[in-house]
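# Coordinate inspection notes
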Amino acid sequence: DVIRVESSVRPDLYRRMAISPDDVPTTLNTCGMFNQWHQGKRSVAISLRTPEGRELLRELIQSADVVVQNFGTGVLERMGLGYEALKSINPRIVLASVSGYGQTGPLRHYMGYGPSAAALSGLCSVTGYPGGAPDELGLSMPDPTSGLTAALGVVEALVRRDVTGTGDHIDVSLWEATAVHGLEAWLAYVMTGTPPERIGNRHPTFAPHGCYRCLTADDWVTIACRSEDEWQRLVAHVDETRGETLPPLSGDPRFAAAADRKQHEDALDAHLAAWTSQRGRWVITRDLQALGIPAFPSLSTRDVVDDAHLNARGFIERLTHPEVGARPHAGIPWRFSARANGVRSPAPC
């Protein structure tokens, strides 16, 4: 049972974002981002600026298992609600503090922001296309990454609490939770002494390995060949279906061996792009998957919402919300076999 403690004076950032359906008035209850991420939760408005508000929160904490907070470092302590204070109320409490740089260290009071943590982690330095500058990751990955990291820490602390009877304070920083995802680049540097180059959609050794435009203007398909056997099956299929305008792949010395394909990857990608541009993305996917070759479309958000497989598994939720009605949302990304699945309620107003 998750209870969000909110403020009517400073509403949640997602509540304030004007990302609402076109056919409803924009209010604090209609933002799609908020209604996505807070399904299944309850909400209460408490002013933590007042002694009465802080006392109400202490009453909630008396019977709570976990408190999650992402104020700036030191804010909770200044309100008299730091871990030592919470522990005196409820010795079994688990406090998870999520911040930009952690509760300790010389940068602990710096402003935390998801996209900046991605840059600090080193991931942006290896993201981008050959010859280009470092790129952002395309989304603020450190925010959900740190949340998932905190959730795993909470589970571990609750298991430990069942043994010891005491809670814990989990200190998660966006920077560290994101930096651990740079392991592949770290290993490359340790083993070679050189930071890995930006290679876009390509792979250090596999070719082809890319995203190719299909018959419809904004449809794309990804194709990867991981072995000589997969490559030979791809060659046979492409040559069989290439039509009269495209030369055959087989017999081209530029693509004879894996090293040759990497050396002439621009020409190889151009050849495959000419072939995929004559076909639908799902036709390519089904044909190549049937041959054991990794291939799948690059889906848009609308594609994901409408996808028959995800809907058949119950991943797309359509719970009726008091202000926006039944709208599609991503659901819970796992399935139980011994209990009910799915989200229990829409986001709270």
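Everything that follows concerns the structure shown earlier in this document.
Residues numbered from 1 in each chain as written. Predicted model: local features only at pLDDT ≥ 70, side-chain atom pairs only at ≥ 80, totals over all residues. Heavy atoms only, no water.

### Brief notes about the nonpolar core
Which entries qualify depends on this criterion: Side-chain atoms within 4.5 Å link the members of a nonpolar core, which is a set of buried Ala, Val, Leu, Ile, Met, Phe, Trp, Tyr and Cys residues. Relative accessibility under 20% of the residue-type maximum defines a buried residue, over 50% an exposed one, and the middle range a partly exposed one, all with a 1.4 Å probe and only protein chains included. Runs of H or I in DSSP of at least four residues are treated as helices and runs of E of at least two as strands, each being numbered from the N terminus. Contacts between residues were defined by any pair of non-hydrogen atoms, one from each residue, lying within 4.5 Å.
Counting 20 residues, the largest nonpolar core has I223, W231, L234, L249 and L288 as its most contacted members. It is helix α10 (residues 228–241) that contributes the most residues to this core, 4 residues altogether. Sequence-distant contacts of I223, that is, excluding residues within four places in its chain, are made with P208, H209, G210, Y212, L234, W275, T276, I284, L288, I293, P294 and A295. Counting 12 residues, the second-largest nonpolar core is a separate cluster that includes L57, M79, I93 and L95.

### Considering the side chain of R161
The cut-off we apply is this: Nitrogen and oxygen atoms within 3.5 Å of one another constitute a polar contact, given that in protein one can donate a hydrogen and the other can accept it, and given that sequence-neighbouring residues count only through two side-chain atoms.
Position of R161 among the secondary structure elements: in helix α7 (residues 142–164). Only 3.0 Å separates the side chain of R161 from the backbone oxygen of R92, close enough to count as a polar contact. Not counting chain neighbours up to four residues away, the residues in contact with R161 comprise D65, R92, T166 and G167.

### With respect to the state of the cysteines
As a reminder of what qualifies: Note on disulfides: each one is a pair of cysteine sulfur atoms within 2.5 Å.
Enumeration according to the criterion identifies 0 disulfides in this entry. C349 takes part in no disulfide bond, and the closest cysteine sulfur, belonging to C31, lies 13 Å away. By relative accessible area, C349 is classed as partly exposed at 46%.

### Some remarks on the side chain of R4
By secondary structure assignment, the location of R4 is in strand β1 (residues 3–6). At 2.6 Å, the side chain of R4 forms a polar contact with the side chain of D12. For R4, the residues in contact, after removing those within four places along its chain, are D12, F34, H38, K41, R42, S43 and V44.

### Overview of the sheet that holds strand β5 (residues 168–173)
We count it as follows: At least two bridges found by DSSP between two strands are what make those strands a pair. Orientation is described by axes fitted as lines to C-alpha atoms, over the contacting stretch for helices, and by angles from 0 to 180 degrees between their N-to-C directions.
Read from one edge of the open sheet, 3 strands run β3-β4-β5, paired in parallel fashion. This sheet does not close on itself; its edge strands, each paired only once, are β3 (66–69) and β5. Between one strand axis and the next, the sheet turns through 15° on average, direction left out of account. Alignment of β3 against strand β4 (residues 94–99), held across 4 bridges, turns out to be parallel. Bridge pairing links V67 to L95 in β4.

### Re the sheet that holds strand β8 (residues 295–297)
One open sheet accounts for 3 strands, arranged β6-β7-β8; its pairing is antiparallel. Both edges of this open sheet fall to β6 (209–213) and β8, since each of them pairs with a single strand only. Across the sheet, the mean angle separating the axes of adjacent strands is 20° when strand polarity is ignored. Summarising the sheet, β6 and strand β7 (residues 220–224) pair through 5 bridges and their orientation is antiparallel. Following the sheet pairing, H209 is matched in β7 by A224. Where helix α13 (residues 281–290) meets the sheet, it contacts β7 and β8, and its direction lies at approximately 160° from that of β8.

### Things to note about unusual backbone geometry
Across the junction of A207 and P208, the peptide omega takes the value 5°, indicating a cis bond. Tracing the backbone shows P208 in the loop between α9 (183–192) and β6.

### Some points on the packing of aromatic side chains
To describe a pair of aromatic rings, one takes the distance between the centres and the angle between the planes. Keep this limit in mind: The pairing test for Phe, Tyr and Trp rings, Trp by its six-membered ring, is centres within 6.5 Å, and the orientation test on the planes gives stacked under 30 degrees, edge-to-face over 60, and tilted for anything in between.
Summed over the entire model, instances satisfying the criterion amount to 4 aromatic pairs. Centroid distance Y101 to Y110: 6.3 Å. Interplanar angle 85°. Geometry classified as edge-to-face. Here Y110 falls in the exposed class, since its relative accessible area comes to 56%. A centroid spacing of 5.9 Å and a plane angle of 90° characterise the contact between Y101 and W175, whose relative ring orientation is edge-to-face.

### As for the pattern of salt bridges
Threshold: Put simply, a salt bridge is a Lys or Arg side-chain nitrogen that is within 4 Å of an Asp or Glu carboxyl oxygen.
Tallied over the entire structure, the rule returns 18 salt bridges. Where R202 meets D266, a salt bridge forms, and the shortest distance between an N and an O atom there is 2.7 Å. A residue pair is termed long-range when its members are at least 10 positions apart, and R202 in the loop between α9 and β6 and D266 in helix α12 (residues 265–276) qualify at 64 residues. A relative accessible area of 26% places R202 in the partly exposed class. Residue D266 is classed as exposed on the basis of its relative accessible area, which comes to 55%. One salt bridge in this structure joins K262 and E265, with 2.9 Å as the shortest N-O distance. Residue classification places K262 among the partly exposed residues on the basis of a relative accessible area of 25%. E265 gets classed as buried once you look at its relative accessible area, which sits at 4%.

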